[in-house]
Amino acid sequence: MKIKINGFDRDQKMLYLILLPFIIWYAVFMFKPMYGLLIAFKDYNLFRGISGSEWVGFRNFKEFLTSPYFYATLKNTLMLNLYSLCLEFPFAILIALMLNEVKNKYFKSIVQTASFIPYFIAIVVATGITINVLSPSTGVVNVIMEKLGFEKVYFLSKPEFFRGIFTGLNIWKTTGFNAVIYLAALTSVDEQLYEAAKIDGANKFKQLRHITIPAIIPTIVVMLVLKVGSMLNVAFETVLLLYQPATYSTADVISTYVYRTGMLMQDFGLATAVGLFNALVGFILVYSANKWSKKVTQSSLW
């Protein structure tokens, strides 16, 4: 017989007590800082504080939306995400499907580990490796090009190469981790389905089409919704460490613009307004993608 304490039995009370630290942490570090969003509607002065700064309404938003940086940064942000959706996102699915077909467990574990390790490399180290590999003087790529008779190229100073370099770095760094998620979803597939398909004469391609892919559709949908929701939040650290003034035309994104405006130009009101705009658009994208997913595939986040 369970003992009830203030309407809850002892087990329930212990569960709520375990949850309490997380609720406190979330309230202090996630909800309390939202008070700072008021800066977006004020001409913020560091010495006067939020309450003492002059209220300017939507002036900061208007300044951003009418500035020449708005269209440039929005375009670059969307283009980098489009590259990611078209290349990085399906590549992880492809790797997972290929590994799922490997029967040699030793070889499978080696490939899986090798592809997963880059995820644990700090982004500073990963970008440092990229910069060294593409260095115009000692980089491996340029050394090979010189030996083949081609001229050396400073790739990181060329705007046309930035999106490809950024996407390639993300593919190398995140493919292993994303593939593990899909492989985990594939473990729930009943092997008897494959055996039944073989008896019916289904080849590997038909098994893949009618059993394997449908099994991971819900996972793909969830990952896609999350990806769409973060479309305006391009990997800020990666861009910041790789880009330079010469590549601003294709590399400058909303998050780096917020950084320069807030930290370098000390215009905190404008920086907060841009960040709030980014968050609102992200929410709209998540909600729209989730609604579309629920309507088309019957799978969604909520």
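Residues numbered from 1 in each chain as written. Predicted model: local features only at pLDDT ≥ 70, side-chain atom pairs only at ≥ 80, totals over all residues. Heavy atoms only, no water.

Focus: the side chain of Thr-256
Quick reminder of the rule: We count a stretch as a helix when DSSP gives it H or I for four or more residues in a row; a strand needs E for two or more, and each element gets its number in order from the N terminus. To sort residues, take the accessible area from a 1.4 Å probe on protein chains only and compare it with the maximum for the residue type: under 20% means buried, over 50% means exposed, and anything in between is partly exposed. Pairs of N or O atoms are called polar contacts if they sit within 3.5 Å, as long as, within protein, a hydrogen donor faces a hydrogen acceptor (for residues adjacent in sequence, only side-chain-to-side-chain pairs). Contacts between residues were defined by any pair of non-hydrogen atoms, one from each residue, lying within 4.5 Å.
Within the fold, Thr-256 resides in helix H13 (residues 254-264). You can call Thr-256 buried: its relative accessible area is 0%. Polar contacts involving the side chain of Thr-256 include one to the side chain of Asp-252, which spans 2.7 Å. Not counting residues within four places of it along the chain, the set of residues in contact with Thr-256 comprises Phe-236, Val-239, Leu-240 and Tyr-243.

Some thoughts on the environment of Gly-229
Counting through the fold element by element, Gly-229 comes out in helix H10 (residues 204-229). For the pair Gly-229 and Ala-279, spaced 50 residues apart in the sequence, the C-alpha separation amounts to 9.4 Å. Once residues within four sequence positions are removed from consideration, Gly-229 is found in contact with Gly-282, Leu-285 and Val-286.

Let's talk about the pattern of salt bridges
The line we're drawing: Counted as salt bridges are all cases of a side-chain nitrogen of Lys or Arg within 4 Å of a carboxyl oxygen of Asp or Glu.
This structure, assessed with the given rule, holds five salt bridges. For Glu-146, the salt bridge goes to Lys-152, with nearest N and O atoms at 3.6 Å. Glu-146 sits in the partly exposed class, given a relative accessible area of 48%. For Lys-152, a relative accessible area of 37% translates into the label partly exposed. Across the pair Asp-252 and Arg-260 runs a salt bridge, and its minimum N-O distance is 2.7 Å. For the pair formed by Asp-252 and Arg-260, the shared burial category is buried.

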